[in-house]
Amino acid sequence: MGGVVECLSTSAVDSVLSSVLTGLPDGVAVFDGNARLVVANPACGILLRLPDGLMRAGTPLRDMAACRLHAAIIAGAEPGGLAHRLDEVEERARRSLTDSFEFRLHQPEGVVLEVSSRPVVIPAGGAWRSGPGFVWTIRDITRQCQAAEAMARRQERYDLALQSANEGLYDWDIGHNTIFFSERLRELFGLNDQQHSPEDWSSRIYPDDRPLYKAAHRAHLKGQTARFACEYRMQTGDGRLLWVRQHGIAVRDAEGRAVRLTGSVADVSEYREATRALRASEERHMMAMQALNEGVYEWSLADGVVHVSERLQMLFGMARSSFPSDGWVDRVHPDDRTRFLLAQRALLKGDVPRLEMDYRLRWGDQSADERGGEDAPEWRWVRHRGVAMRDARGRVVRVIGSSGDITDQRRAEDALQESQRALNAEREILQATLENMDQGIFMADSAQRLVAHNSRFGQMFGFDPGEIVNGMALDDILRRLWLRDAIPQPYERLHETFLGEECCQTVNTHEIHRMEGQVIEARNVPLGDGRFVRTFTDVTARKQAEAAVRELIEAMPLPLVVTALDSHHVLYANQCAQQAYRIQLGMGAVHSAYVNPAERDLLVAALEQDGEVNDFETRLRTPDGADVWVLMSARRMVYRGQRAILVASLVINERKALERDLTDAKLKAEQALAELQATQQSLIEAEKMASLGGLVAGVAHEINTPVGITLTTASHLQEKVTQLGRLFESGSIRKQDFAAFLSVANSACALLMSNSTRAANLIQSFKQVAVDQASEERRRFDLRSYIDEILLSLGPRLRRSPHRVEVACPEEIEVDSYPGPLSQVLTNFVMNSLLHGLQDDQPGVISIVVERVDVGMPSGAVIEVCYQDSGRGIPAENLKKVFDPFFTTRRGEGGSGLGLNIVYNIVTQTLKGSIRVESPPGSGARFILRFPQRVPQ
């Protein structure tokens, strides 16, 4: 029945458990490591549709799943065989012991459940297995799934409607003066994909229609009209002149100013033309056919011809206004044709004064034979009326009447009948469902008389079949229970508790404790017009299970404390909390247990704001006065009618100590890393300066030869000039002497020019390469020429070896990158080959192959440089370490181990590329570089 019943003496633990489990709308089930049920709330069994016998502690999860899957597979809600699905359940249980995840279950009648699984630790002290376990939280998400599916269907219908409509959409942002056109609008009016402004659209409007358009536009933006609507002519992108119908609605800000105009534009040229042609015909028949969905016909029996109006032609797709009477009969549906002919014959014979009947008529002129049987005909329902016109002798000379399309009406009637049948079926299903419910239920009217109930309601309270009938007063039913001593209370109090106004007209849940120890939970739901529904659930087994769980909570090693939200007084604390902290029942405000009482207020403030608090760290005092770090989780609840806070805590002293150790270790590691990076940078700079010093020495050696020749030639030429001067001063100069001087002078000048040019080129190459190596400036350069300049700077070192260099690089590859870092990379490769790869007593080959490849990068083409020598190669065990800093195989011979590490950093960071190394047996070492032809900014 329901009402507030004073519970038998229950402990504070009972209230805690009721708040945590019973009050949850979602199902919660706890399983041990053997996948056996430890505890579950009532909502779990209701959602999974499991009998009470399977919701007891110790029930294997496989048995519960078998019961649910059996019903779901039979109803078609779950696919697959039962054995296979049960194996999936066991696999899911094993995974639940270690992982947190979510999955869905499908119940009959389209119900969808979402299950969240997370691992927990099960304490000892019951019939379950202690140790690892897991918790499943079950939530009904049927409405969310149905809403998502309905939204998807609506979006699909909207998209199809836009595709089929002869109109497009626009959106004008008035503030930014930009306008968006849909693809359909651009297609209809021949607009390109470029951005268009409102002025572009206005310029296309026909000049005579432009004032009308602007006036309607201005009126709507000022708020003088509810919506913008205008028809005008405009020129399309391909030069056509169309009639356009534009609609729109302005979006306004808080001050009423229009900030956006959104709407649609349709091509109504064909409609305008059809309207003009139709208007003349409609004017002739407007008085006769106004507001009718019918057309007029006349059947002349003398010539056997039927004449139809234009309205009738349009309704039923008739191409001609007159045709033989057999043509009409041929259009009638075969199943209706006999009935049509009999009704027509009765009219002609005078058996009925007028003809009125409904039948199906084929739309269009072609019969099935004429269509070749390809498409099914379209049948329309017709309401046919007619009267016979007779001559003086009573013979029928013609039949005049009307025919109207009632297809929509018939469909609506059929839908109504189908809806009524479905409603009756649903009522039967509902009644069957109520009769098969494990709960008792009844509905009462505003006068507290029984309107409907199921048999389970009478069985729960011991009524005989037929003793309770609809129409009985609830007071009569309650008095019968009281007379049987089923509920031990005074009748006046019992009546007020169960049938009082507050109980019947509010949503409430009460417990009924019967003499034999049965506990029934009654839930009342008002219907708003004085009627109410009340359900009754036998929760005796659940209460017994709750008692067992209360003992489990007391045995848990997790401190649990309930405090009043307003006064902060301690309302409940389990044994673990009282032993761990300075917290006792009746101690008053809990602030004294905090090392910093202000943190209690912070916890309450966060809980009031968010509804729950997780991972809140604070310090509490222990019974012996020491301080401990704890990690708290808090939830709001109602405890014995007052607002309260449930707090679970965990001592984290060891974790805090570990955090301090980790912080100290992190600081030391960061200091060591900074020192290492500084050392590495110093070594890199030293490597660069050493490379630059080698370049200077080589170039100085290379310039020495042309400079020496230049100096010798200049000295020789000066001597010849002195001799010629003496001959000139003595007056004994001869033509042969001057000719000999000119010959020597020409030869000397040629030598001076060639060697000076060679020295200048060497200096220029040295200058460019040296500048590039000393800086990392970005510039454009020809790749082939730059490689030649790099090799020229390395010429002295290469000529002292028996090895040769081969370069295969296409001409005119211009690169926008960093030439200095690229020079350092190639120089390091060559020097590594001379020092480590090639042997001085055997001629070797160094090859540099350059290709331009396109890999679809946004920056354009990619340059691939393949550098290879024919030397010893790199052992397979060293290939993965060659780019590591300080890795070298010649540690005692001056190797720093930074050369290839510098190369790797230059290629990947400066050149924005990639590098890999290969060393096929017997083929030397091969380095493949890839970097963009134009380095991104």
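An unreviewed UniProt entry lists the protein under the name histidine kinase, with Insolitispirillum peregrinum given as the organism.

Trainee: Which residues make up the nonpolar core, and what values go with them?
Mentor: Counting 42 residues, the largest nonpolar core has Leu783, Phe829, Val850, Ile863, Ile915, Phe927 and Leu929 as its most contacted members. Counting residues per element, this core draws most heavily on helix α26 (residues 819–837), at six residues. Here Leu929 is in contact with Val825, Phe829, Ile863, Glu864, Val865, Val907, Ser914 and Ile915, once residues within four sequence places are set aside. Grouped together as the second largest cluster of nonpolar side chains are 27 residues, Ala35, Ala40, Cys44 and Leu61 included.

Trainee: Give me the lowdown on the UniProt feature "coiled-coil region" (unreviewed entry) in the protein, citing residues and values where you can.
Mentor: Here the UniProt-annotated "coiled-coil region" (unreviewed entry) positions come out as residues 409–436 and 655–689. For residues 409–436, the end-to-end C-alpha separation is 40 Å, with 96% helix and 0% strand making up the annotated structure.

Trainee: Talk me through the sheet that holds strand β7 (residues 178–181); I want residue IDs and the actual numbers.
Mentor: An order of β7-β6-β10-β9-β8 is seen for the five strands of this open sheet, with the pairing classed as antiparallel. Unpaired on one side and paired on the other, β7 and β8 (228–235) mark the two borders of the sheet. The sheet shows a mean angle of 25 degrees between the axes of neighbouring strands, taken without regard to direction. Contacts between helix α8 (residues 210–221) and the sheet are confined to β6 (167–173), β8, β9 (241–252) and β10 (258–267), with β8 contributing the most and set at about 150 degrees to the helix.

Trainee: So, helix α27 (residues 899–910): which residues are in play, and what are the values?
Mentor: Compared with an ideal rise of 1.5 Å per residue, which puts 12 residues at 16 Å, α27 spans 16 Å between its outermost C-alpha atoms and is within 8% of the ideal. Among all positions in α27, only Gly899, Leu900, Asn901, Ile902, Val903, Ile906, Val907 and Thr910 are buried. Following α27 by one or two positions, Lys912 adopts a phi angle in the positive range, close to 55 degrees.

Trainee: Pulling in residues and values, what's your account of the sheet that holds strand β16 (residues 396–405)?
Mentor: Ordered in space as β13-β12-β11-β16-β15-β14, the six strands form an open sheet in which the pairing is antiparallel. Sheet topology places β13 (322–324) and β14 (355–362) at the edges, where each strand pairs with a single neighbour. Strand-to-strand twist across the sheet, computed as the mean angle between neighbouring axes with direction ignored, equals 25 degrees. Where β14 and strand β15 (residues 379–390) come together, eight bridges link them in antiparallel fashion. Of the residues in β15, the one forming a bridge with Tyr359 is Val382. Where helix α12 (residues 334–349) meets the sheet, its contacts fall on β11 (294–300), β14, β15 and β16, and the angle it forms with β14 comes to roughly 150 degrees. This element, helix α14 (residues 407–435), spans β14, β15 and β16 of the sheet and lies at about 120 degrees to β15.

Trainee: So what's going on with α14? Residues and values would help.
Mentor: Counted at 1.5 Å a residue, the expected span for α14 with its 29 residues is 42 Å, and the 42 Å between its end C-alpha atoms agrees. Among the residues of α14, Thr407, Arg410 and Leu434 are the ones counted as buried. Those residues of α14 that are buried lie in contact with β14, β15, β16 and β17 (440–444).

Trainee: Now, about the packing of helix α3 (residues 61–74) against helix α4 (residues 82–96): what can you tell me, with residues and values included?
Mentor: At a minimum axis distance of 10 Å, the contact between α3 and α4 shows a crossing angle of 140 degrees. One way to sum up the angle between α3 and α4 is to call them oblique. As α3 packs across α4, the resulting crossing turns out to be right-handed. The segment α3 lies against α4, with Leu61, Arg62, Ala65, Ala66, Leu69, His70 and Ile73 engaging Leu82, Arg85, Leu86, Asp87, Val89, Glu90 and Ala93. A class-by-class count of the residues in the contact of α3 with α4 yields nine nonpolar, one polar and four charged.

Trainee: Could you give an account of the confidence of the model for the protein, with specific residues and numbers?
Mentor: Summary statistics for the protein give a mean pLDDT of 82 and a share of 86% for residues scoring 70 or more. Note on residues 1–14: pLDDT is under 50 here. Beyond four places in sequence and across chains, it has 46 contacts.

Trainee: Which residues make up the pattern of salt bridges, and what values do they have?
Mentor: Counted by the stated rule, this structure contains 47 salt bridges. Residues Glu114 and Arg139 are paired through a salt bridge, measuring 2.7 Å at the closest nitrogen-oxygen approach. Of this pair, Glu114 sits in strand β4 (residues 112–122) while Arg139 sits in strand β5 (residues 131–140); the two residues are 25 residues apart in sequence, bridging distant segments of the chain. For Glu114, a relative accessible area of 16% puts it in the buried group. Residue Arg934 is joined to Asp816 by a salt bridge in which the shortest nitrogen-to-oxygen separation is 3.9 Å. Linking Arg934 in the segment after β33 (926–932) with Asp816 in strand β29 (residues 814–817), this pair joins segments that are 118 residues apart in sequence. For Arg934, a relative accessible area of 40% translates into the label partly exposed. Exposure remark for Asp816: the relative accessible area of 11% places this residue in the buried category. Through salt bridges with shared partners, one network takes in Glu294, Arg354, Glu356 and Arg385.

Parameters at a glance
Residues numbered from 1 in each chain as written. Predicted model: local features only at pLDDT ≥ 70, side-chain atom pairs only at ≥ 80, totals over all residues. Heavy atoms only, no water. Core = buried A, V, L, I, M, F, W, Y, C linked by side-chain atoms within 4.5 Å. Buried < 20%, exposed > 50% of the residue type's maximum accessible area, 1.4 Å probe, protein only. Helix = DSSP H or I, 4+ residues; strand = E, 2+ residues; numbered from the N terminus. Contact = heavy atoms within 4.5 Å. UniProt positions renumbered as here; feature names shortened; annotations may be inferred. Pairing = 2+ DSSP bridges. Axes fitted to C-alpha atoms, helices over the stretch in contact; angles between N-to-C directions. Expected span 1.5 Å × (residues − 1). Parallel < 35°, antiparallel > 145°, perpendicular 65-115°, else oblique. Left-handed = near helix turned anticlockwise from the far one by under 90°. Nonpolar A, V, L, I, M, F, W, Y, C, P; charged D, E, K, R; others polar. pLDDT = per-residue confidence, 0-100. Salt bridge = Lys/Arg side-chain N within 4 Å of Asp/Glu carboxyl O.

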